[in-house]
Amino acid sequence: MTGMTHEMLKGSNVPLDAAAVRAVLRWTPGPEVPDVDASALLLGQDGRVRSDEDFVFYNQPRHPSGAVRRLAKKRVEDGLTDTVETDLAGLEPSVEQVVIAASSDGGTFAHVPDLRIVLYDAAAGEDAEALASFHVRPETGEETAMICGELYRRGEGWKFRAVAQGYPTGLIGLATAFGISVEEESGEGSEGGQAPSLPSPSAASTAGSSASGTSAAAPAGAGPAAGTADADATQAIPGPATGAAPAPAAVTPAAVTPAAAAPGATAAPAIPPVPPVPPPPPTAPPAYGYPHPGAGQPAYGYPQPTSQPAYGYPHAAPQPAAAAAGAPVPDPYFQLPPMGPQFQR
């Protein structure tokens, strides 16, 4: 298609004979015109990116394969340009499509005049004639991101389709629609816009190793490391072993003797000793043949000291004082028992 420029309509496509192409976004700047940034997404057979590396934009201007890269902005005679260059022959076989997109910063695309995407053969010079041109117009006026066109495989070759599909959610909304994980930062990007930032694997691994090192050095809730002394720590008293009964404490005189009182402490009162129990008084054994003092039964052959006299015998006279003291005293009233009939004459 060299030698002529094909003006495209929305939804139309053209075949590409070039091995590499430059997709140039061109617009007319002005005081109230938002800034425009070009970007590209490399898609697989499922229409989604294979990883976050498949997103080429101002914070990641070059694909790891080198097949897609974003060039610097240029000021031309009739406006500004931002360019994405694609090596179609150098793309990996798993890449089925390259989406060429634009995002605006500071306003919607309704305020961007004369936005166009122009395709050039990358092998030709800057003054070469364009392969195709498409005037990108927003539909609702609220778009802050636009898919300008797409490069896609067709058999053994490549084609370009004019799209002009808008997103009111900006570059982040467009990128996440194709499977990109984006984090929006509060600072400005390299081109002065709100920069969606991809998570850095090196920063994540550094943070992970730092967190793991902190965890290994001082686990949560752990006390001082072994071998280090803590002057303010109170030494815990070890309790008895599990399943074993505590041994009784031995009571010694030192245990009941009050120790020296600590400053500000009140001394415990001394415990008086227990007085000894006096032994019982000795009991004199009774005289033989006389009743035991306090015994229930009298000695055999002697009258029982009861209130009633023995049958047929006179009442026993009171004993002298000497008998009460335990000394043997003869009974003045003692008589032999009467003899039975067999002994009477």
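Preceding this section is the structure that the text describes.
Here's a quick rundown of the structure. (Residues numbered from 1 in each chain as written. Predicted model: local features only at pLDDT ≥ 70, side-chain atom pairs only at ≥ 80, totals over all residues. Heavy atoms only, no water.)

Now for helix α1 (residues 170-177). Within α1, burial applies to Gly170, Leu171, Gly173, Leu174 and Ala175. One or two positions beyond α1, positive phi appears at Gly179, with a value near 95°. (Buried < 20%, exposed > 50% of the residue type's maximum accessible area, 1.4 Å probe, protein only. Helix = DSSP H or I, 4+ residues; strand = E, 2+ residues; numbered from the N terminus.)

For the rest of this paragraph, the subject is the side chain of Ser133. Structurally, Ser133 is set in strand β11 (residues 132-135). Using a relative accessible area of 6% as the deciding quantity, one classes Ser133 as buried. In this structure the side chain of Ser133 is engaged in a polar contact, spanning 2.7 Å, whose partner is the side chain of Arg116. (Polar contact = N/O pair within 3.5 Å; in protein donor to acceptor, adjacent residues only side chain to side chain.)

So, about the sheet that holds strand β13 (residues 157-167). Ordered in space as β2-β13-β12-β9-β4-β5, the six strands form an open sheet in which the pairing is antiparallel. The sheet is open, and its two edges are formed by β2 (13-16) and β5 (55-56), each paired on a single side. Here two bridges tie strand β4 (residues 35-43) to β5, and the two strands are oriented antiparallel to one another. The residue of β5 that forms the bridge with Ala40 is Val56. Together, β4, β5, β9 (97-105), β12 (145-154) and β13 form the strand contacts of α1, whose direction differs from that of β12 by roughly 30°. (Pairing = 2+ DSSP bridges. Contact = heavy atoms within 4.5 Å. Axes fitted to C-alpha atoms, helices over the stretch in contact; angles between N-to-C directions.)

This brings us to the pairing of β9. Counted residue by residue, β9 has eight buried out of nine residues, so it is predominantly covered. As paired elements, β4 and β9 share nine bridges and run antiparallel to each other. By the bridge assignment for β9, Ala40 is matched with Ile100. In the sheet, β9 pairs with β12 via seven bridges, with the strands oriented antiparallel.

On inspection of all chains with the given rule, the structure shows two aromatic pairs. Between Phe55 and Phe57, the ring centres sit 4.4 Å apart and the planes meet at 10°, which makes this aromatic pair stacked. When sorted by exposure, Phe55 lands in the same class as Phe57, which is buried. Each ring, one from Phe57 and one from Tyr58, has its centre 5.4 Å from the other, and the planes form 65°; the classification is edge-to-face. Like Phe57, the residue Tyr58 is buried in the burial classification. Aromatic ring contacts, followed pair by pair, group Phe55, Phe57 and Tyr58 into a single cluster. (Phe/Tyr/Trp six-rings, centres within 6.5 Å; stacked < 30°, edge-to-face > 60°.)

The subject of this paragraph is the pattern of salt bridges. Under the definition given, this model contains 11 salt bridges. Here Glu7 ties to Arg116 by a salt bridge, and the two come within 2.8 Å at their closest N and O atoms. With a gap of 109 residues between them, Glu7 in strand β1 (residues 6-8) and Arg116 in strand β10 (residues 116-121) connect regions that are remote in the sequence. Overlapping salt bridges bring together Asp35, Asp37, Arg70, Lys73 and Asp82 as one network. (Salt bridge = Lys/Arg side-chain N within 4 Å of Asp/Glu carboxyl O.)

It is worth spelling out the pairing of β10 at this point. Here strand β3 (residues 20-27) runs beside β10; their pairing, made up of six bridges, is antiparallel. Note that in β10 the partner of Val24 across the bridge is Val118. Pairing of β10 with β11, which is carried by four bridges, proceeds in the antiparallel orientation. Bridging from a neighbouring strand, Ile117 pairs with Phe134 of β11.

With that settled, consider unusual backbone geometry. Phi is mostly negative for residues that are not glycine, and the peptide bonds are mostly trans. With phi around 60°, Asp114 is a residue other than glycine that occupies positive phi space. Along the chain, Asp114 falls in the loop between β9 and β10. Backbone geometry places Ala164, a non-glycine residue, at a positive phi of 60°. Position of Ala164 relative to the elements: it lies in strand β13. Judged by its relative accessible area of 3%, Ala164 falls in the buried class.

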